[in-house]
Each structure stands twice: as structure tokens, then as C-alpha cells.
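So you can see what is in the structure, the chains are spelled out below.
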Amino acid sequence: MTTHEKLLALLQANNARYQLMEHEATGKCEAVAAIRGTAVGQGAKALVCHVKGNGIKQHVLAVLPADCQADLTKVAFAVGGRRASLASPAEVDLLTGCVFGAIPPFSFHPDLKLVVDPLLFTRFDEIAFNAGLLERSVILNTQDYQAIFGGEVASLIL
């Protein structure tokens, strides 16, 4: 099952309120927001990070509003580590089954811990994100995302 298929199955199983869109593939937050007709800040940017230190070796899927920058130190601290770096393209593929820019804000891999910045839950009634593919997006009710995301919440932004 692809990440795209797992995502849609999860949303359907939880009766989530969402819209699936097909569009031109683009990796830029601003460009895809314009195509979706959403604000850049509605975008859920998902970054695969490798956290180390304090005896921790953990991959983290850090999710934050697309108009914000991740603070990698905060990402590390969120899981008890000391430092974080972005994962390699090979690690991203292994842990998400996606390319950079197509990662949805859900983890389907047991070794990928999901941590979401709380700002994502408070600014908009809907969030938007790529659905495991660069040419497909989901616009999802924020409350539904908060109810089913299955991760932790921690401050991750600069």
C-alpha cells in the first residue's frame, strides 16, 4: 500500500472532513498554496529529521505551518535529544515512501515519531498538504487532523 493509499484509508476510517485535489507537481509552498487556493500558513510542512544526543537516536517527522521555519534545536529537545538535522533523501524515502515536498503530516512508519507544532491547530479551520504525491493534495479539517494525527505536540518553530 502506498503512502497516498494509507493516508486516504486513515482519513476515510476516521470520517475526516477533507477534499482531495489533483494538480501540477510543485515542491514550493507558495506555488502549491496558490494552486490549492489556500493561504501559505494553512500548509502543513512535514520535515523528516534525525535527532541525536542524550542517548537518543530517533527519526522525527516535524510538522509545522508552511510559512514558518523549523528550529532544529526545538525539534531535538521535543524528543529528549540535543541536536537535529534533516534526514537524507534515502532516509526520507525509507521512512515515508515519499519524496521531499510530498510528505503528509502523518507517520506510517514505527521508527518515525510524529511531533506537531501547536500553531498548526489554531490559525485556520483547514490545513492543506501534499498527499504522499507531489501532484495530489488534501485540504483537511483542522479539528479532524488534531483528533487523528496520533503524535505529540511541541513548539518547533523559530
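Residues numbered from 1 in each chain as written. Predicted model: local features only at pLDDT ≥ 70, side-chain atom pairs only at ≥ 80, totals over all residues. Heavy atoms only, no water.

Asker: Give me the lowdown on the overall build of the chain, citing residues and values where you can.
Answerer: Across its full length, the chain carries six helices and eight strands. Going residue by residue from the N terminus, the α and β elements of the chain occur as α-β-α-β-β-α-β-α-β-α-β-β-α-β. For a compact globule of 158 residues, the expected C-alpha radius of gyration is about 15 Å, and the chain comes in at 14 Å, within 12% of that figure. Along the longest, intermediate and shortest principal axes, the C-alpha atoms of the chain span 40 × 35 × 30 Å. For the chain, the proportion of its 158 residues judged to be buried stands at 47%. Nonlocal contacts in the chain, meaning residues at least 24 apart in sequence, comprise 69% of its contacts between residues at least 6 apart. Of the roughly 7,600 Å² of accessible surface on the chain, a fraction of 50% belongs to carbon and sulfur atoms. (Helix = DSSP H or I, 4+ residues; strand = E, 2+ residues; numbered from the N terminus. Rg over C-alpha atoms; globule rule 2.2 N^0.38 Å. Buried < 20%, exposed > 50% of the residue type's maximum accessible area, 1.4 Å probe, protein only. Contact = heavy atoms within 4.5 Å. Areas by Shrake-Rupley, 256 points an atom, 1.4 Å probe, with all protein chains shown as cover.)

Asker: Give me the state of the cysteines: which residues, what numbers.
Answerer: Using the criterion set out here, one finds zero disulfides in the structure. With no disulfide of its own, Cys98 lies closest to Cys29 among cysteine sulfurs, the gap being 15 Å. (Disulfide = S-S within 2.5 Å.)

Asker: Quick one: what's the story with unusual backbone geometry, residue by residue and with numbers?
Answerer: One non-glycine residue, Asn15, lies in positive phi territory at about 50°. Of note, Asn15 is situated in the loop between α1 (3-13) and β1 (18-22). By relative accessible area, Asn15 is classed as exposed at 68%. In this structure, Asn54 is a non-glycine residue whose phi angle is positive, near 60°. Its place among the elements puts Asn54 in the loop between β2 (44-53) and β3 (56-65). Of the residues examined, Asn54 reaches a relative accessible area of 55% and is grouped as exposed.

Asker: How would you explain the packing of aromatic side chains if you had to name every residue and give the values?
Answerer: In this description, a pair of aromatic rings is defined by centroid distance and the angle of the planes. Taken as a whole, this structure holds six aromatic pairs when the rule is applied. Taken together, a centroid distance of 6.0 Å and an interplanar angle of 35° make the contact between Phe121 and Tyr145 tilted. Of the two residues, Phe121 sits in helix α5 (residues 119-122) while Tyr145 sits in helix α6 (residues 142-148), which places them 24 residues apart along the sequence. Judged on exposure class, the residue Phe121 and its partner Tyr145 are both buried. Of the aromatic side chains, those joined through ring pairs into one cluster are Phe106, Phe108, Phe121, Phe129, Tyr145 and Phe149. (Phe/Tyr/Trp six-rings, centres within 6.5 Å; stacked < 30°, edge-to-face > 60°.)

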